Every structure is written in structure tokens, then in C-alpha cells.
Amino acid sequence: MFAAERRQLILEMVRANGAVSLRELARVVQTSEVTVRRDVRALEAEGLLDRRHGGAVLPGGFTRESGFPQKSHLATAEKTAIADLAAGFVEEGEAIVVGAGTTTQELARRLARVPGLTVVTNSLLVAQALAHANRVEVVMTGGTLRGSNYALVGSGAEQSLQGLRVSRAFLSGSGLTAERGLSTSNMLSASVDRALVQAAGEVVVLADHTKLGSDTMFQTVPTDVITRLVTDEPPGHDDRAATELQALADQGVQIAVAGGAGAGHGAGQQGLDSAGERRGPRRDVPLPGQRRSHAPGGGAGAPQLRPATPLSEAQGGRVADLAPRRR
């Protein structure tokens with residue numbers, strides 16, 4: 001086990017239990033107490049936990065990460081509307097990657113109806129949602145199972161994504177700001193999400209309004225790498241979310257809002273497209289152009305790529321301008 005993986009596991013144990021002895025930590029990570037003590041000292045220096053005699057505890061004011069059961073009951077209507085809109089960006093025969101999360105799980109349930117689709121994922125929940133879709137091919141990464149969100153993480157997951165090339169990545173996270181982009185509270189999850197991004201020509205972030213303006217520990221996708229944000233309509237009193245949406249648009253992120261004015265049966269769409277070109281470099285990986293028979297570096301039978309779907313065509317959504325403010 002790499003030092004980063006070992007320390008992440010130590011953090012997760014402390015967050016799950018509040019306090020853990022060095023002996024128990026050494027047993028779980030299968031190393032000596034001397035090594036664990038060194039890891040705990042390094043984590044304390046970063047402010048991630050506090051050392052106590054013979055063990056480690058949560059630092060003051062640090063909250064535990066919510067598990068899947070808690071997350072699955074948060075903003076359920078918003079996640080459904082976001083998934084409905086995001087599914088409209090996926091075309092027949094496309095190859096995509098879908099990250100872990102409760103919102104991406106909702107998206108996967110809708111992707112089961114897209115024929116000829118190839119979905120690469122590190123999420124057991126996404127794979128389960130597509131397991132009985134006879135016209136969808138599911139490719140899973142390797143890696144170590146992270147039980148709190150049913151995702152495969154670690155070096156095995158990252159290595160299995162090397163050399164992969166798909167048209168789009170659909171990701172969610174714990175927070176989204178214009179300053180740092182998408183972030184999550186777990187180091188290993190962040191590393192895998194970054195590997196998913198490197199495999200894709202476009203990055204589509206799925207985030208409900210409660211995540212807008214929230215900043216968590218580990219950055220996964222910088223703002224200038226995000227092609228499109230699919231979110232829900234923030235409440236009128238939520239100035240923070242509205243301000244963050246405008247700031248994201250100012251940086252060139254295309255914004256699609258689900259459940260806006262005129263939406264039908266709770267899952268309508270209102271497309272908002274930022275005006276002008278993206279300022280600054282997007283990424284050093286070119287966007288896929290015309291559909292081609294083989295992915296770069298792949299052999300015969302590699303997933304086929306399609307050009308990006310214009311925002312105005314997705315789900316028949318209405319397009320308006322959320323123009324960048326003048327400096």
C-alpha cells in the first residue's frame with residue numbers, strides 16, 4: 001500500500017470512529033506501529049487529525065464525511081431533474097466515463113435506454129444501474145473498494161484508466177466554486193476523478209445548488225477544465241448559489257439549469273449558455289472531432305467517439321445567455 005493510500009485509510013478510520021488506537025490502525029493498514037505513528041504525525045501536521053497518547057482523534061471542528069445512506073436522501077428531486085437533463089447530452093453509440101456519486105447513479109439509470117453506449121466507471125452503483133441494459137456495454141476500473149460510496153479507488157483504478165480515450169466525463173463531487181472548481185473530501189476519490197478527466201475530451205459536472213459555493217479538501221477538476229455544469233434552479237433567496245453560477249459563467253463554463261421556469265412535471269429544462277469564448281487554456285487534450293472508428297492508442301473494437309452535442313440541442317432545452325460581466 002502506498003503512503004498516500006495508507007494515510008487516507010487512517011483518516012477514514014478516524015472519521016468513522018472519532019478515535020482509533022495506533023495498534024488498531026497498524027492492524028488494519030497492515031504495517032508497524034512505528035510507520036503508523038509517522039503517518040499520524042504527518043496527518044497532524046496537515047491539520048487533518050490530532051494525536052493522542054497511543055492513538056489519533058478527530059481535530060476540533062472537523063466533521064465526518066457523510067456516507068451513501070445519508071447522501072442518497074439529500075436533494076433527491078434536484079438530482080432527478082439534473083440527471084434527466086444530463087442524459088440528453090449523451091448520444092447513441094457514444095463512449096463516456098461516469099464517476100461515482102448519487103447524482104451520477106441517477107444519470108446511469110437514464111443511460112440504460114441509450115443504445116450502443118459504452119460506459120466506463122469506477123462506481124458499483126453506476127454499473128448496477130446499467131447491469132440489465134442489453135444495449136449498453138459497461139467497463140469497470142480495477143482498484144480497491146471504498147465502502148462509503150461503493151467506488152473503486154487507489155492505484156489500481158488509476159492505472160486501468162491509462163491510455164483510455166472517450167468523448168465525455170460525467171462527474172459529481174462535494175463542492176463547486178468558480179475559484180477552485182470541483183472538489184471532494186476524499187483524497188483517493190479525487191485522484192481517480194482526475195484520472196477520469198484525463199481520459200475525456202469534455203468534462204460535464206453534475207451538481208445541485210446546495211454544492212455551489214462549497215469548497216472541500218481535495219480539488220478534482222479545475223474550473224478551466226469544466227466544459228459544462230448541469231445544476232438545478234437555486235431558490236430565490238440563495239444568493240451564494242446565484243453568485244457562484246455567474247462567476248462560473250464568467251470563466252466560460254456552459255451552464256444548463258434543470259427545473260427552471262416553464263419546466264414540466266418536475267424535470268423540465270432551461271439551458272443557459274455562457275457568452276463568448278473560454279478565457280485561458282482549456283486543457284492540453286484536444287476535443288474529439290468527427291466520429292472515428294478507433295480511440296487513440298486503442299486497437300480494433302475500441303469505443304467510437306462522436307462530436308459534442310450543442311447545448312441547445314440537449315433535451316430540447318431553451319437557450320438563454322448568461323453573459324460574463326464586464327471587467
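Residues numbered from 1 in each chain as written. Predicted model: local features only at pLDDT ≥ 70, side-chain atom pairs only at ≥ 80, totals over all residues. Heavy atoms only, no water.

A. Examining the overall build of the chain more closely. For the chain, the helix and strand inventory stands at 10 helices and 17 strands. Of all intrachain contacts in the chain linking residues separated by at least 6 positions in sequence, the fraction that spans at least 24 positions is 66%. Carbon and sulfur atoms form 49% of the exposed surface of the chain, whose accessible area is close to 14,700 Å². (Helix = DSSP H or I, 4+ residues; strand = E, 2+ residues; numbered from the N terminus. Contact = heavy atoms within 4.5 Å. Areas by Shrake-Rupley, 256 points an atom, 1.4 Å probe, with all protein chains shown as cover.)

B. Local environment of the nonpolar core. Counting 33 residues, the largest nonpolar core has Leu-176, Val-205, Leu-212, Val-221, Leu-229, Leu-248 and Ile-255 as its most contacted members. Counting residues per element, this core draws most heavily on helix α9 (residues 187-198), at 5 residues. With residues near it in sequence (within four places) discarded, Val-221 still touches Leu-171, Arg-180, Gly-181, Leu-182, Val-197, Val-203 and Ile-226. Among the nonpolar cores identified, the runner-up in size contains 26 residues, and Ala-83, Leu-85, Val-98 and Val-230 belong to it. (Core = buried A, V, L, I, M, F, W, Y, C linked by side-chain atoms within 4.5 Å. Buried < 20%, exposed > 50% of the residue type's maximum accessible area, 1.4 Å probe, protein only.)

C. Geometry of the pattern of salt bridges. Under the criterion given, the structure shown has 10 salt bridges. Of the charged contacts, one joins Glu-12 and Arg-146 as a salt bridge, the two residues approaching to 2.7 Å between their closest N and O atoms. Of this pair, Glu-12 sits in helix α1 (residues 3-17) while Arg-146 is found in strand β7 (residues 144-146), placing the two residues 134 residues apart along the sequence. In this structure, Arg-110 and Glu-106 form a salt bridge, with 3.1 Å as the shortest nitrogen-oxygen distance. In this pair, Arg-110 and Glu-106 both sit in helix α6 (residues 102-111), 4 residues apart, roughly one turn of the helix. Within this structure, Asp-84, Glu-106, Arg-109 and Arg-110 form a network of salt bridges that share partners. (Salt bridge = Lys/Arg side-chain N within 4 Å of Asp/Glu carboxyl O.)

D. Local environment of the packing of aromatic side chains. Evaluation of the coordinates by the stated rule reveals 0 aromatic pairs. Above the ring of Phe-89, the side-chain terminus of Arg-228 is found at 4.4 Å from the ring centroid. (Phe/Tyr/Trp six-rings, centres within 6.5 Å; stacked < 30°, edge-to-face > 60°. Lys NZ or Arg CZ within 6 Å of the ring centre and 35° of its normal.)

E. Here's a closer look at helix α5 (residues 76-87). Between its first and last C-alpha, α5 extends 16 Å over 12 residues, near the 16 Å set by a 1.5 Å rise per residue. Every buried residue of α5 is listed here: Lys-79, Ala-81, Ile-82, Ala-83, Asp-84, Leu-85, Ala-86 and Ala-87. (Expected span 1.5 Å × (residues − 1).)

F. Region of the structure containing the sheet that holds strand β13 (residues 218-221). The 3 strands lie next to each other as β10-β11-β13, forming an open sheet whose pairing is antiparallel. This sheet does not close on itself; its edge strands, each paired only once, are β10 (175-177) and β13. Each strand axis lies, on average, 35° off the axis of its neighbour in the sheet, ignoring direction. The sheet contact formed by β10 and strand β11 (residues 181-184) spans 3 bridges and is antiparallel. Counted as the bridge partner of Leu-176 is Leu-182 from β11. Along the sheet, α9 makes contact with β11 and β13, crossing β13 at roughly 20°. (Pairing = 2+ DSSP bridges. Axes fitted to C-alpha atoms, helices over the stretch in contact; angles between N-to-C directions.)

G. Representation of the sheet that holds strand β2 (residues 50-52). Ordered in space as β1-β3-β2, the 3 strands form an open sheet in which the pairing is antiparallel. Here the strands that pair on one side only, and so sit at the sheet edges, are β1 (19-21) and β2. Each adjacent strand pair in this sheet contributes to an overall mean axis angle of 25°, direction not counted. Bridge count for β1 against strand β3 (residues 55-57) is 3 bridges, and the pairing is antiparallel. Pairing of Ala-19 across the sheet is with Val-57, part of β3. Relative to the sheet, helix α2 (residues 22-29) contacts β1 and β3, its axis offset from that of β1 by approximately 80°.

H. Just the side chain of Glu-94, in detail. Looking at the element boundaries, Glu-94 is found in the loop between α5 and β4 (95-98). Engagement of the side chain of Glu-94 in a polar contact is seen with the backbone nitrogen of Glu-91, the distance being 2.8 Å. (Polar contact = N/O pair within 3.5 Å; in protein donor to acceptor, adjacent residues only side chain to side chain.)

I. Broad picture of the environment of Ser-172. With respect to the secondary-structure elements, Ser-172 resides in the loop between β9 (166-171) and β10. On the basis of relative accessible area, Ser-172 is assigned to the buried category, the value being 8%. C-alpha separation for the pair Ser-172 and Leu-182, spaced 10 residues apart in sequence, amounts to 7.8 Å. Ignoring sequence-local partners within four residues, the contact set of Ser-172 consists of Ala-100, Gly-101, Thr-104, Leu-182, Asp-193 and Leu-206.

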